Amino acid sequence: MTARMDKRFADLAAVGRPALVTYFMGGDPDYASSLEIMKALPKAGSDVIELGMAFSDPMADGPAIQLAGQRALKAGQTLAKTLQMARDFRREDDATPIVLMGYYNPIYIYGVDRFLDDALDAGVDGLIVVDLPPEMDDELCIPAVAKGVNFIRLATPTTDEKRLPTVLKNTSGFVYYVSMNGITGSALPDPSLIGGAVGRIKAHTALPVCVGFGVKTAEHARAIGAAADGVVVGTAIVNQIASSLTADGKASAATVAGVETLVMSLASGVRASRLAAAE
Amino acid sequence: MNQSPNLNSYREGPDEDGRFGIFGGRFVAETLMPLILELQDEWDKAKTDPAFQAELKHLGTHYIGRPSPLYFAERLTEHLGGAKIYFKREELNHTGSHKINNCIGQILLAKRMGKTRIIAETGAGQHGVASATVAARFGFPCVVYMGATDVERQAPNVFRMKLLGAEVRPVTAGSGTLKDAMNEALRDWVTNVEDTYYLIGTAAGPHPYPELVRDFQAVIGTEAREQILEAEGRLPDMVIAAVGGGSNAIGIFHPFLDDKSVQIVGVEAGGKGLDGDLHCASLTAGSPGVLHGNRTYLLQDADGQIKEGHSISAGLDYPGIGPEHAWLHEIGRAEYVPIMDDEALEAFQLLTRLEGIIPALEPSHAIAEVIKRAPKMGKDQIILMNLSGRGDKDIFTVGKILGMEL
C-alpha cells in the first residue's frame, strides 16, 4: 500500500484527534479553479482529500454532487484530467493522502490496469468506487490492492453484523461509514447513534473509521469527530463552490476563498472534538 | 466464463453471481446490497413455491387476460407476399402492454417481503401504468419516476397513473428521459430501503432483476410456442421483437433459445440514424460498460460518460439494454438490427390500416423489420412477432409528426 494514508492516520492518532476528510469534484467549475481548491484544502486544515471523478449518472449522489459533476463534464473534465489533477497537486504536497471517489464505468472504459498504473504514478493513495460492492471485488478491488492502492469501502446502516466481515475483508486505508441510508447531501443523523455504529465496525477491524453524510458545520464535525477516527465533508464544500459561481457558472474571487473559510471552520470543529469528548 | 453448465442450452443463465457471460452482475451501492440479496432469497423461494405460482397463474388468467391470443395477420401477410406473419397479442393485456406480466409477479414478491411502498421508473409510461395498476389492486402507495420530457410526450399515461392513485414525479436531471428516471428511482430506493420495493420494469439492473423480469415475461414465449405448434404444427422460422431495455423481447425469445431452427431478431431504435447521437441502438452502435447495476452494452463516449440517446418511442429511449441480450448478441444466438424513426412510423400506419390494430411505437419498430424480412422469405415460412403494446398512448406523438391537430 502507499504509505501516506497509514502514516497520516497514525500521526493523527498520536496527537489524539480525528481526521478531516474533504471531498470536492475534480474539474468543478473548471480545471484551474478546481486545482486551486485542491491545493487550498490541506492548507485550510484538511487531512485527507477525496477527489471526485465526474460521472454522467451518479446514482448514489444527491442534487449538489450531481450538478457539480455536470459542471465539471461541461468544462471538459475527463478521468485522464482528474488523474492529472492529482499529479499536479503532488508536485507541491507529498504528504496529504488522495482518494479518488466515483463510479466504475469511466474506470472500466479507461482500462483497469492502465488506470491503476496511472493513479499510482500520479500519487493516488486510495479509491472509493460507489457501485463496486464486495461481490464485485474481482473487477477492481483485488487488482488495486495487489498494486498497492487502498480500496476503501463504504459501510452503511443496512450493513448488518452478518455482512460486515464481507464488507471489511478486502478494505484498506480506512472504512467510510455512511451514517444514513440515502444519497449524499441528506440531513445529518442523530450523532448519538453514530458512536454505537462506529463501535460495531471497530469490533471487526483495526482500520480507522471515518463517518460521512450530512456534515455541514464545525459543530457537526465536532460532534461526529468525538465518536470517529475521521469526519468526511462533501456536499457542504460542493455547495459552497456552487454558491460562489457567477451567473454564467464561472469561478469568482470567492470560489477558492469560500472553500478555505469553510474548511478552516470544519478543521476547528474536528480539533475541538476530542476535547469535548473528554469533558 | 460461460455461465451454462449445459453447453447445449442457452436458457440456463445467469450464474449464481448474476452473470450472462461477462454481462450482468451486481454493481450497486453497499446500501442496496443487503436488499438485493434479500430479494434474491425471496425470489429463489417463490420460484418453487406452488402457492406463489398458483396465485401468479390465477391473476394472469383473471386479471391480465392470459393467454393472449396468437393472431395470424392475414392481410399484412398478403400485402408483403412472403412469410406468414403471426402476432403475439400482448397489446390486448389489461393496461395495454406486456408490462403487466412483470408487475403482477413483482408485486406478489413485494407482498411476500413485507414491503409497504412501491417505486418504479417509466419511459413511455406503460410500465408506470402497469405499476400503478398493481399498486392499486394490492393497496400499496406508489411513486413513479418519469423523465420530464416523457411526462410531456406521454400525457395520457401520466393521467392514467394519477387516476390509479400513483404519484408521478417528473425528473428534470439529464435529458429527462428513462435513464434519468432510473437514477432517481435508485436514489429513492437507497434512501427508503427499509419499506420500499423497487419494481424495475425491464430485464436490466442488478441481479436478480434481469432474471426475474425475464421469468415473469417468459410466459409470452411459452404460450406463443404452444400456440404456434397448435396452429401450424411446427415452430416459426423467425421470432422478432423490439428491444429497449428488452423485457418483451427476452420474454418471447427465451422459450425459443434452444430451438436451433428458430432465427431470433431483436429490433433496436435507430432513431434518426446511427451516424450521430440521435438513436438508442446500444448493441449495434454501443460498447460494453457498467450502468444501473449491470454490465451491458451502453451508448457512451470515450471517457465512459453515458450518452442520452433518442427515439421517437419513449419506451425504447434508453442508452443500455438488458444483460442477457448483450450476451445473446455477443455469442451470436440472436441478431440485433436498428430501425429508424420514420420506418417505425410508416409501419405504425400500415398495420393500423391493414389489420385494424393500432400498435404502440415500440413494437412498430418490430413491424418495420417484419416488413423488410417477410417479402424475402418463402410463403411456407413463418414469422412470429411480439406485438407488445397498443398505440393509444402514442396517437398524440404521431398526430404531431403527421401534422394533425388533436
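Residues numbered from 1 in each chain as written. Chains lettered and ligands numbered in written order. Predicted model: local features only at pLDDT ≥ 70, side-chain atom pairs only at ≥ 80, totals over all residues.

**Describing the environment of T156 of chain A**
- Turning to its location among the elements, T156 of chain A is positioned in the loop between β6 (153-155) and α8 (164-168).
- Judged by local crowding, T156 of chain A falls into the buried class, with 25 C-beta atoms found within 10 Å.
- Sequence separation between T156 of chain A and M180 of chain A is 24 residues; the distance between their C-alpha atoms is 6.5 Å.
- Among all residues touching T156 of chain A, those that are not within four sequence positions of it are V178 and N181 of chain A together with E30 and T31 of chain B. (Helix = DSSP H or I, 4+ residues; strand = E, 2+ residues; numbered from the N terminus. Buried ≥ 20, exposed ≤ 12 C-beta atoms within 10 Å, placed from the backbone. Contact = placed C-beta atoms within 7 Å.)

**Here's the deal with the interface of chain B and chain A**
- Counting from both sides, the interface comprises 26 residues of chain B and, opposite them, 33 residues of chain A.
- Tallying contributions element by element places helix α8 (residues 178-191) of chain B first for the side of chain B that touches chain A, with six residues.
- When grouped by side-chain class, the residues that make up the side of chain B that touches chain A number twelve nonpolar, eight polar and six charged. (Nonpolar A, V, L, I, M, F, W, Y, C, P; charged D, E, K, R; others polar.)

**Observations regarding the nonpolar core**
- Within the largest apolar cluster, 219 residues are counted, with the highest numbers of intra-cluster contacts made by C210 and V231 of chain A together with A241, I383 and M385 of chain B.
- Non-local contacts of C210 of chain A, meaning those with residues more than four positions away in its chain, are made with A19, V21, F174, Y176, Y177, A228, D229, G230, V231 and V232 of chain A. (Core = buried A, V, L, I, M, F, W, Y, C linked by C-beta atoms within 7 Å.)

**Some details on the UniProt feature "modified residue: N6-(pyridoxal phosphate)lysine" (unreviewed entry) in chain B**
- The feature "modified residue: N6-(pyridoxal phosphate)lysine" (unreviewed entry), as annotated in UniProt, sits at K99 of chain B in this numbering.
- K99 of chain B has contacts with Q126, H127, A130 and G201 of chain B, leaving out every residue within four places of it along the chain. (UniProt positions renumbered as here; feature names shortened; annotations may be inferred.)

**Looking at the UniProt feature "domain: Tryptophan synthase beta chain-like PALP" (unreviewed entry) in chain B**
- Under the local residue numbering, the UniProt record ascribes the feature "domain: Tryptophan synthase beta chain-like PALP" (unreviewed entry) to residues 65-389 of chain B.
- End-to-end, the C-alpha atoms of residues 65-389 of chain B are 14 Å apart, and along that stretch the chain is 41% helix and 21% strand.

**Overview of the environment of H127 of chain B**
All names here are of chain B.
- Along the polypeptide, H127 turns up in helix α5 (residues 126-138).
- Considered as a pair, H127 and D317 are 190 residues apart in the sequence and their alpha carbons are 14 Å apart.
- If we ignore the near neighbours within four places in the chain, the residues touching H127 are K99, A120, T122 and G201.

**Things to note about the confidence of the model for chain B**
- Per-residue pLDDT for chain B averages 94, and the proportion of residues at 70 or more is 98%.
- Two summary scores accompany this predicted model of the complex, namely pTM at 0.95 and ipTM at 0.94. (pLDDT = per-residue confidence, 0-100.)

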